[in-house]
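Here is what each chain is made of, one letter per residue.
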Amino acid sequence: MPWDEIVARDFPAMSKDLDGISRQTMEDHYKLYQGYVKKTNACRKILNEFDYAEIEGNQVYSELRAVSIDYTFALLGFKNHDLYFGHLGGDGGEPQGRFAELVDQEFNGVDKWKDAVRKGAKAARGWVMVGYDLNDGSLFNYIMDTQNLWAVYNMVPVLAIDVYEHAYVRDFGATPDGRGEYVEAFFRNLDWDHVNRQLEQAEAAKKGADAVGPEPKG
Ligand SMILES: [Fe+2]
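This one's a predicted model, so the numbers in the text were calculated from it and none came from an experiment.

### Brief notes about the overall build of the protein
Within the protein one finds seven helices and three strands. A globule of 218 residues ought to have a C-alpha radius of gyration of about 17 Å, and the protein, at 19 Å, matches this closely. Each of the three principal axes of the protein carries a C-alpha extent, and together these read 55 × 55 × 30 Å. Looking at the protein as a whole, 44% of its 218 residues are labelled buried.

Here's what the structure looks like:
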């Protein structure tokens, strides 16, 4: 399989003082991200080197099964944190631009989306991902218990809140209230331009797919 090694990126947020989220938290968190990069590459190497004619495929346990599944955990650990760190370091404030326009339509008001995403952040065990659906152009707050569970195909993440405890325990404590305070701090540091760039790319991808896809039925 033609897989290149992935590399950890440098993010502007890592060299800034964020509001409420400490440098130590960010540095420790970045080490986890580097770990996901390392394991993604390790899994790719194993998957590349398997002799698929000989290897066992067993649904109870097999090396192929274990590595293939844990590969998605490692790869999405990389991808999710890539977005998370990428859109921190901004000035926060109210949702802006196209994102605000779309959630206003989808949720019958920007404030309703804000309530929904905050409740989603309380209900998730790992991530809340606001994703744009390439099939119907909708936005949805995906509640994800781990980085590789409960998202759907053809969804492009545009906003990602890490609600694993490692993201906030040092600064806010391990309580539900601490998590709530962390989510507020996350939004104070969010770069809405980054969110809107993600969304712009997703909408362009949908437009491209629609242009070459089959005519809608009906
Ligand atoms: Fe994380």
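Let us keep going from here.
### Quick word on the pairing of strand E2 (residues 139–144)
By the bridge criterion, six bridges tie strand E1 (residues 127–133) to E2 in an arrangement that is antiparallel. Paired with Trp-127 across the bridge in E2 is Met-144. Between the end of E1 and the start of E2, which pair antiparallel, lie five residues, with Gly-137 showing a positive phi angle near 75 degrees.

### Some remarks on the coordination of the iron ion
When four donors bind a metal tetrahedrally, each ideal donor-metal-donor angle is 109.5 degrees, and when six bind octahedrally, the ideal angles are 90 or 180 degrees. Surrounding the iron ion are the protein donor atoms His-29 (NE2), His-81 (NE2), Asp-162 (OD) and His-166 (NE2), which sit 1.9 to 2.1 Å from the metal. Considering all four donor atoms around the iron ion, angles at the metal cover 88 to 150 degrees and the coordination shape is irregular. Binding-site remark: the iron ion is held by donors from one chain whose sequence spacing is H-x51-H-x80-D-x3-H. One end of the pair, His-29, is in helix H1 (residues 23–49); the other, Asp-162, is in strand E3 (residues 155–162), and 133 residues separate them in sequence.

### A closer look at the packing of helix H3 (residues 97–106) against helix H7 (residues 192–212)
Contact pair H3 / H7: the axes reach a minimum separation of 7 Å and the direction vectors enclose 70 degrees. Between H3 and H7, the crossing angle belongs to the class labelled roughly perpendicular. Together, Gly-97, Arg-98, Phe-99 and Leu-102 of H3 and Trp-192, Val-195, Asn-196, Leu-199 and Glu-203 of H7 make up the contact between the two elements. For the contact of H3 with H7, the class distribution of residues is five nonpolar, two polar and two charged.

### Some thoughts on the side chain of His-194
Here His-194 lies in helix H7. Ignoring any residue separated from it by four or fewer positions in sequence, one finds His-194 in contact with Leu-83, Gly-86 and His-87.

### Some words on the packing of aromatic side chains
One pass over the full model with this rule turns up 21 aromatic pairs. Here Phe-11 and Tyr-30 contribute two aromatic rings whose centre-to-centre distance is 6.3 Å and whose plane-to-plane angle is 75 degrees, an arrangement assigned as edge-to-face. Pair noted here: Phe-11 is in the segment before H1 and Tyr-30 is in helix H1, with a separation of 19 residues, a long-range link. With respect to burial, Phe-11 and Tyr-30 carry one shared label: buried.

### A look at the side chain of His-29
On the accessibility criterion, His-29 (1% relative accessible area) is buried. A polar side-chain atom of His-29 sits 2.8 Å from a polar atom in the side chain of Asp-162. Contact partners of His-29, with chain neighbours within four places excluded, come to His-81, Tyr-84, Phe-85, Asp-162, His-166 and Ala-167.

### A short note on the nonpolar core
Counting 60 residues, the largest nonpolar core has Phe-99, Trp-113, Leu-139, Leu-159, Ile-161, Tyr-182 and Phe-187 as the members making the most contacts within it. Among all residues touching Tyr-182, those that are not within four sequence positions of it are Ile-21, Tyr-84, Ile-161, Asp-162, Val-163, Ala-167, Tyr-168 and Phe-172.

### Focus: the environment of Lys-119
By the secondary structure assignment, Lys-119 is in helix H4 (residues 110–123). In this structure Lys-119 comes out as exposed when scored by relative accessible area, which is 58%. Between the alpha carbons of Lys-119 and Gly-180 there is a distance of 9.2 Å; along the sequence they are 61 residues apart.

### Section: the sheet that holds E2
Read across the sheet, three strands follow the order E2-E1-E3 without closing on themselves; strand pairing throughout is antiparallel. What marks the edges here is a single partner per strand, and that holds for E2 and E3. If you compare each strand with its neighbour and ignore which way they point, the axes differ by 25 degrees on average. Direction of pairing for E1 relative to E3: antiparallel, over a ladder of seven bridges. Directly across from Asp-133, in E3, lies its bridge partner Met-155. With respect to the sheet, H3 is in contact with E1, E2 and E3, its orientation differing from that of E2 by roughly 85 degrees.

What counts and how
Residues numbered from 1 in each chain as written. Predicted model: local features only at pLDDT ≥ 70, side-chain atom pairs only at ≥ 80, totals over all residues. Heavy atoms only, no water. Helix = DSSP H or I, 4+ residues; strand = E, 2+ residues; numbered from the N terminus. Rg over C-alpha atoms; globule rule 2.2 N^0.38 Å. Buried < 20%, exposed > 50% of the residue type's maximum accessible area, 1.4 Å probe, protein only. Pairing = 2+ DSSP bridges. Donors = N, O, S within 2.8 Å, 3.2 Å for Na, K, Ca; no water. Tetrahedral: all angles 85-135°; square planar, octahedral: opposite > 155°, others 65-115°. Axes fitted to C-alpha atoms, helices over the stretch in contact; angles between N-to-C directions. Parallel < 35°, antiparallel > 145°, perpendicular 65-115°, else oblique. Contact = heavy atoms within 4.5 Å. Nonpolar A, V, L, I, M, F, W, Y, C, P; charged D, E, K, R; others polar. Phe/Tyr/Trp six-rings, centres within 6.5 Å; stacked < 30°, edge-to-face > 60°. Polar contact = N/O pair within 3.5 Å; in protein donor to acceptor, adjacent residues only side chain to side chain. Core = buried A, V, L, I, M, F, W, Y, C linked by side-chain atoms within 4.5 Å.

Limitation: the analysis is restricted to geometry and does not speak to function.
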